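# Tertiary structure, described
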Amino acid sequence: MSIPVAIGSTFFGCMSNVVFLELLVKEDPGIGNLITFSQFFLIALHGFIFTAKCGTKKPSISVKGYMILVAMFFITNVLNNYAFDLNIAMPLHMIFRAGSLIANMIMGVIILKKKYTLDKFISVGMITAGITICTIVSGQDVKKTVVHGVVQNTSELEDFFWWCLGIACLTIALFISARMGIYQETLYKQHGKHPQEALFYTHLIPLPWFLFLYSNLKEHALMAFESEPLPYIGFGIPSTIIYLAGNVFTQYLCISSVYFLTTECSSLTVTLVITLRKFASLLFSILYFNNPFTLYHWIGTLLVFIGTIIFTEIPQKVQQMTAPKNAAKKTKKTKIN
């Protein structure tokens, strides 16, 4: 895979994944655990064949070393997907998860005793303000609680309570994910980077834990097989099954492309690609699915993404990358003269 292909695959895979995810959530808001299990199973199966060579290749990092990382990764995924069952709309979900830098900075200060410059605090302040605006505005228009695909006759107070619980799930997941990043960084410093191996074991080891979610998985799997078939596909395959297959495939394409970029490109390139992809996914979700998005949502979104660009120092790094080229051109002109 070349770098341009990987960037294209990241945009196509991740954006298509968001489309399939929203289609699934609209049909069954409680399908999150089934989605997570399906993604983990496919990626683990692929890794077992091509990375672990059917179990014949020993891991560079011990399985014990992966256990803490796996626990945090599993909890983060379950909480993020479960939030859809708690009245959280897709745009708010994406904006909230884009605020991971806040949690990373707080964890960096508390655990690693890092010190940040003023521009970092300003950028995090912008991200926090953006997420707060979007959260408050979204809280004024909470969607009705849905159970088994049926809208419930609940009061506004009950709907708001479940929405608050969804916000709590996203917040906890955000901080666990930040702590996971620090642990992963420590692990890689000790044993070196092994992205494909990490991808395999972080999806393989949690599979037995899904036994605790068996009843939930069975319930939503039955609902998926009982869903109406898509009218323009003549095979009579249930629509939810088609959406689930599309989601799992695009998730693998998305995550494998991002892992490839982290090993082949600078952190600037990876950050820029992921930031632009998130913004494009958000725009597509709003336009294609007609999700409610007010002026305040746009203000909050811009604050989040501008704050992200400032925090990751993208303008400065681009300037540094172009500076040597400009200096070389000036040197050549001087020599010619």
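Everything below is about the structure printed above this text.
Here's what I pulled together on the structure shown here. Please read all numbers here as calculations on a predicted model, not as lab measurements.

Time to look at the overall build of the protein. Of regular secondary structure, the protein possesses 13 helices and two strands. Split by element, the accessible area of the protein, about 18000 Å² in all, is 68% carbon and sulfur.

One can describe the packing of helix α2 (residues 32-50) onto helix α3 (residues 63-82) by two numbers: an axis separation of 8 Å at closest approach and a directional angle of 140 degrees. Judged by the inter-axis angle, α2 sits oblique to α3. The handedness of the crossing between α2 and α3 comes out as right-handed. In this structure, α2 uses Gly32, Asn33, Thr36 and Phe40 to contact α3, whose residues at the interface are Phe73, Phe74, Asn77, Val78 and Asn81. For the contact of α2 with α3, the class distribution of residues is four nonpolar, five polar and no charged.

The next point concerns empty space enclosed by the protein. Per the stated rule, a full pass over the model turns up one cavity of 30 Å³ or more. Along the walls of the largest cavity sit Ile43, His46, Gly47, Thr51, Gln196, Leu199, Phe200 and Tyr252, which together make up its complete lining. Within the residue set of the lining of the largest cavity, elements represented by two or more residues are α2 and α8 (195-204).

The next point concerns the packing of α2 against helix α9 (residues 214-225). The N-to-C vectors of α2 and α9 enclose an angle of 95 degrees; their axes lie 8 Å apart at closest approach. The orientation of α2 with respect to α9, classified from their angle, is roughly perpendicular. Contact residues: α2 offers Asn33, Leu34 and Phe37, while α9 offers Asn216, Leu217, His220 and Ala221. In terms of residue class, the contact of α2 with α9 is made up of four nonpolar, three polar and no charged.

Note on placement: Phe11 falls in helix α1 (residues 3-27). Owing to a relative accessible area of 24%, Phe11 belongs among the partly exposed residues under this scheme. The residues touching Phe11, leaving out its near neighbours within four places in the chain, are Ser16, Val273, Leu276 and Arg277.

So, on to the nonpolar core. Membership of the largest hydrophobic core comes to 68 residues, with the highest contact counts inside it found for Tyr66, Ile95, Ile131 and Leu282. Here this core gets 13 residues from one element, more than from any other, and that element is helix α7 (residues 156-191). Residue contacts for Ile131: discarding those within four places in its chain leaves Ile95, Phe96, Gly99, Ile102 and Val304. Judged by nonpolar contacts, the second largest core, of six residues, contains Phe260, Leu261, Cys265 and Val270.

One turn of the α-helix equals 3.6 residues, which is why residues spaced by three or four share an orientation. Over its 12 residues, helix α5 (residues 100-111) extends 16 Å from the first C-alpha to the last, a length consistent with the 16 Å expected when each residue adds 1.5 Å. Residues of α5 that are buried include every one of Leu101, Ile102, Ala103, Met105, Met107 and Gly108, and no others. The first or second residue beyond α5 is Lys113, which carries a positive phi of 55 degrees.

The final tally for this structure, using the stated rule, is 11 aromatic pairs. Between Phe40 and Phe73, the ring centres sit 5.5 Å apart and the planes meet at 20 degrees, which makes this aromatic pair stacked. Taken together, the residues span a long stretch of sequence, with Phe40 in helix α2 and Phe73 in helix α3 at a distance of 33 residues. Aromatic side chains Phe40 and Phe210 sit 5.8 Å apart centroid to centroid with 80 degrees between the ring planes, which places their arrangement in the edge-to-face category. Of this pair, Phe40 sits in helix α2 while Phe210 is found in the loop between α8 and α9, placing the two residues 170 residues apart along the sequence. Look at Phe40 and you get buried, because its relative accessible area is 1%. The class of Phe210 is buried, set by a relative accessible area of 2%.

Parameters at a glance
Residues numbered from 1 in each chain as written. Predicted model: local features only at pLDDT ≥ 70, side-chain atom pairs only at ≥ 80, totals over all residues. Heavy atoms only, no water. Helix = DSSP H or I, 4+ residues; strand = E, 2+ residues; numbered from the N terminus. Areas by Shrake-Rupley, 256 points an atom, 1.4 Å probe, with all protein chains shown as cover. Axes fitted to C-alpha atoms, helices over the stretch in contact; angles between N-to-C directions. Parallel < 35°, antiparallel > 145°, perpendicular 65-115°, else oblique. Left-handed = near helix turned anticlockwise from the far one by under 90°. Contact = heavy atoms within 4.5 Å. Nonpolar A, V, L, I, M, F, W, Y, C, P; charged D, E, K, R; others polar. 1 Å grid on protein atoms, 1.4 Å probe; cavity = no way out; pocket = protein on both sides within 12 Å on 5 of 7 lines; lining within 4 Å. Points joined across faces, edges and corners; volume = space filled by probe spheres on them. Buried < 20%, exposed > 50% of the residue type's maximum accessible area, 1.4 Å probe, protein only. Core = buried A, V, L, I, M, F, W, Y, C linked by side-chain atoms within 4.5 Å. Expected span 1.5 Å × (residues − 1). Phe/Tyr/Trp six-rings, centres within 6.5 Å; stacked < 30°, edge-to-face > 60°.

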